[in-house]
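What follows is the residue order along each chain.
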Amino acid sequence: MSNKKTLTPSTASAATADFDLGGSSSSSEPLIANAATYAIDAWGDGFFAISDAGTVVVRPDRSPSREVDLLEIVEGLRDRGYGSPVLLHFGDVLDTVLRDLRAAFDKAIEENGYQGAYQGVFPVKVNQQRCVVEDVGRIGAGLGFGLEVGSKPELLAVLALTVDQPDRLIVCNGFKEDRYIEFAMLAAKLGRTIVPVLENLKELELVLQHAERIGVRPKIGIRVNLNTRGAGRWATSSGVKAKFGLSLAEVLKAVDILRDRGMLDCLELLHCHMGSQMQDIRLVMAGVAELARIYTELHRLGAGVRYIDVGGGLGVDYDGSQTNFAFSRNYSLEEYASTVVYRIQSICDDRGVPHPTIVTESGRAMVAQQSILIFDVMGSNRFEPHDIPGDLEQLRGHGDEQPARPLIDLFEAWQRISPENLLECWHDAQSARAEALNLFSLGYMSLEHRAEVERIFWTLALRARELSVGLDPLPEELAELDDLLTDVYFCNLSVFQSLPDCWAIDQVFPMMPIHRLDEMPTRRGTLADLTCDSDGKVDQFIDREDVRRWLPLHDLVPDRPYLLGAFLVGAYQETLGDLHNLFGDTHAAHVRVDDAGRWWIEEIIEGDTVREVLAYMQYDSAALTRAIRGECERSVHRGKMTARESREMVQAYENGLSGYTYLEGDSD
Ligand SMILES: Cc1ncc(COP(=O)(O)O)c(C=O)c1O
């Protein structure tokens, strides 16, 4: 996945103070987490910062004078009865992002003297939640933005959300069967600006049929398969073997069909989509240039083209590295806009073709930043040194048998370890442990001695890491100790439901505690979720150089919550999440921020109850309760339970059905 350099050994060493993702901290610095610890300035794009109180604040327009404290919001929600996990949507962040997009294209258009217009459309599939689409609709209306749909259900939702907005551009992508196209043509009849984009020639037939029957002159788009392929995870969205779009031969066929019908003027839009998260601007340049060439050819052939739709793909710099790493992008928004405008303009000018309206379908880049997932840590498994016996005689005390050779070797490695023989002792320890495991499997080692092997081995590993601090160069095998000796933090969330791309495509999102940032994190942890699935974990985190295998975290304090945030999660995560282990949708709160920096809750969408997720799986809660009540009655009859106990049992069961699917402890 990664195409960046891996961590150089000398940067992955210190036991406590070298968590600085920016690489600047040293043990002499004050022990507080700073912005660099979590690279918040790099990925936060001015929207997020750390307050003097050590909490994360959100700045919807990047201004410190209008900021809200995440911890305060989470506590406020808890007071209202909504505990974590909770997804926070900031419509005011979205507002700024959409304005930035508009401004970047306006600037590029002005600077280049481009004669055409710009029109952004939001691809609904990136986040179909009603509140988000409504927000995009509301904010986008003032910016001239439209919407893109990829299926019949999305079209039906969008048609109703845009009533009486005839100028709102609706682009229809995706595989289109009869009804989908019929709805698009009916919308055209209503006077809507709607463009079905053909993915194949069969769709052209359907458009022509329905348009004739309904009596509209349709606007038609064509999605073309570019030769230019995207890169990374979504490279196959484009290229000649892509799943969608017409080959050039098919494009010409469509032109012939339309010409024969006297409808070539209806071919108004040329579209491509090079793939999501385009990490390298050179691919954007190549793809847009190819698209623009095809556009000018269609114009020459007499098509009524006036929109050029470059699709989605504008990347999000999830790790803030500004590189061509899969989850970063090596360009700015301004560079993207000026690349798109300039390429189209220069190719149209070469051919004497009027400048088209440029359409973008950026989805991820529009909505990623506005959502933050907050979840609490329930406990941790820590790597701690054990008390190791002082001599071999004491070792013998563990069980009746004499210690086997590997145990003795390991013990001696432990006794010998020093900065001078670090690597050698680490090798000895690894091989002694492997031999010990073998002996145990074959029945030649007791459980007590096997446990002693584990204790000595991990204590030695911790010691080796401690002694390796400052070694330059640091041998690679010792550098790897950092990844090995991490704690596991158990979190109240489902990765499958809330961060599915972490699991499915190894995506990294910026994550950090949202409070206690006035204390230096002293632990290194990975995150484990609530599901009974070993994939239900997060063990890859953002890093300047590559991905990091651990996150700097604080020691847990008994009876004090520890809250983490996963940031930039507004794109794709909500819609792709699933019900693994029946953990349902989390609560989602739509938070608004007024001009004075005071927050208020515009809407709370309650997370799924147990009853709801069971219903998705075709369980009837009433029948389930009846079954439990029946068993209780039989227990009362047999004298195993009192009637009062049976009532409590049924009540607890019913409460369970009405409850949140996540741990509810902290919402009381
Ligand atoms: C046709 C089309 N347009 C737009 C998008 C949105 O892409 P992104 O979210 O990367 O901007 C997609 C996503 O894959 C797509 O398939």
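First things first, this report covers the structure right here in the doc. (Residues numbered from 1 in each chain as written. Predicted model: local features only at pLDDT ≥ 70, side-chain atom pairs only at ≥ 80, totals over all residues.)

1. Here we look at the nonpolar core
- In terms of nonpolar packing, the biggest core is built from 160 residues, with A184, I308 and F509 touching the most fellow members.
- In terms of residue count, the dominant contributor to this core is helix 3 (residues 91-112) (nine residues).
- Both domains that meet at this core, namely domain 1 (1-87 + 371-380 + 487-580) and domain 2 (114-369), each give it at least three residues.
- The next biggest cluster of nonpolar side chains, apart from the first, holds 23 residues, and it includes L410, W426, A464 and A479. (Core = buried A, V, L, I, M, F, W, Y, C linked by C-beta atoms within 7 Å. Buried ≥ 20, exposed ≤ 12 C-beta atoms within 10 Å, placed from the backbone. Helix = DSSP H or I, 4+ residues; strand = E, 2+ residues; numbered from the N terminus. Domains from an automatic or database assignment.)

2. Quick word on the pairing of strand 19 (residues 563-567)
- Strand 19 sits mainly inside the fold: five of its five residues count as buried.
- Here strand 19 shows no split at all, with L563, G565 and F567 on one side and L564 and A566 on the other all buried.
- Pairing of strand 13 (residues 371-381) with strand 19, which is carried by five bridges, proceeds in the antiparallel orientation. Within strand 19, the position partnered with L373 by the bridge is A566.
- With three bridges connecting them, strand 15 (residues 511-513) and strand 19 associate as antiparallel partners. Each bridged residue has a counterpart across the sheet, and for M512 the counterpart in strand 19 is G565. (Pairing = 2+ DSSP bridges.)

3. Examining the sheet that holds strand 9 (residues 220-223)
- Strand order in the closed barrel made by the eight strands is 5-6-7-8-9-10-11-12, with parallel pairing throughout. On average, each strand axis in the sheet is tilted by 25° relative to the strand beside it, whichever way the strands run.
- Bridge count between strand 9 and strand 10 (residues 267-271): four bridges; the pairing is parallel. Among the inter-strand pairings, I222 is bridged to a residue of strand 10, identified as L270. (Axes fitted to C-alpha atoms, helices over the stretch in contact; angles between N-to-C directions.)

4. Some points on unusual backbone geometry
- At the junction of S84 and P85, the peptide bond is cis and its omega measures out at 5° in the coordinates.
- Inspection of the secondary structure assignment puts P85 in the loop between helix 2 (70-79) and strand 4 (86-90).
- Cis peptide bonds are those with omega within 30 degrees of zero, and the linkage from D472 to P473 qualifies with 0°.
- Examined against the element boundaries, P473 turns out to sit in the loop between helix 15 (447-468) and helix 16 (476-479).

5. Quick notes on the environment of L439
- By the element assignment, L439 lies in helix 14 (residues 422-442).
- A sequence separation of 34 residues divides L439 from R405, and the C-alpha atoms of the two residues are 10.0 Å apart.
- With sequence-adjacent residues up to four places away left out, L439 is seen in contact with A404, P406, Y444 and M445. (Contact = placed C-beta atoms within 7 Å.)

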